Amino acid sequence: MSLFGGTISSLQNGLDYATVKNQTISNNVANVDTANYKAKDVTFKHTLDNQLQFQAKRTNEKHINFSGHTNQPFQVTMNKNTQFNHNGNNVDIDKEMTELANNQIYYQALVDRMNGKFNSLQRVIRGGGA
């Protein structure tokens, strides 16, 4: 039995995703003028869809693992479906800055929720008092 249940683990996965997304956006912004640079994105939905489509349960450790589960439930992909600039670059700075702002809000919400979980745990340890 885990002390925190699955909540802290889920929040950690969300923070990991937001961190990788922030790094990816930063790389895109840094390469906005680099010739032939292709914008990258972090996808989670693809992995979620795959998990929802096929559920296999292993009843023995010798059975094949069908889940294809990795430590990170997201992947970085290259965006090849957008209009290229005159130099072969496809980074849209306005889109990247919007994504960055959204990602920062998402990250802060996860941090706030994690702080709430730890504050609740601390309150219980102290005996429920303030």
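Residues numbered from 1 in each chain as written. Predicted model: local features only at pLDDT ≥ 70, side-chain atom pairs only at ≥ 80, totals over all residues. Heavy atoms only, no water.

The terminal C-alpha atoms of helix α1 (residues 7-30), which comprises 24 residues, lie 34 Å apart, in line with the 34 Å expected from a rise of 1.5 Å per residue. Residues of α1 that are buried include every one of I8, L11, G14, L15, Y17, A18, V20, K21, T24, I25 and N28, and no others. Packed against the buried residues of α1 are β1 (40-43), β2 (75-78) and α3 (93-125). (Helix = DSSP H or I, 4+ residues; strand = E, 2+ residues; numbered from the N terminus. Expected span 1.5 Å × (residues − 1). Buried < 20%, exposed > 50% of the residue type's maximum accessible area, 1.4 Å probe, protein only. Contact = heavy atoms within 4.5 Å.)

A word on the nonpolar core. If you look at the biggest cluster of nonpolar residues, it comprises 5 residues: I8, L11, L15, L110 and M114. Broken down by secondary-structure element, the contributors of at least two residues to this core are α1 and α3. In terms of residue count, α1 provides more of this core than any other element does, 3 residues in total. Once you skip the residues sitting within four places of it in the chain, L11 turns out to touch L110, R113, M114 and K117. (Core = buried A, V, L, I, M, F, W, Y, C linked by side-chain atoms within 4.5 Å.)

As a further point, take the pattern of salt bridges. Scanning the model with the defined rule gives 3 salt bridges in all. Of the charged contacts in the structure, one is a salt bridge between K21 and E99, with a shortest N-O distance of 2.8 Å. One end of the pair, K21, is in helix α1; the other, E99, is in helix α3, with 78 residues separating them in the sequence. Accessibility expressed as a relative area gives 9% for K21, which makes it buried. What makes E99 partly exposed here is its relative accessible area of 23%. For E99, the salt bridge goes to K95, with nearest N and O atoms at 3.6 Å. Within this pair, E99 and its partner K95 are both found in helix α3, separated by 4 residues, close to a single helical turn. (Salt bridge = Lys/Arg side-chain N within 4 Å of Asp/Glu carboxyl O.)

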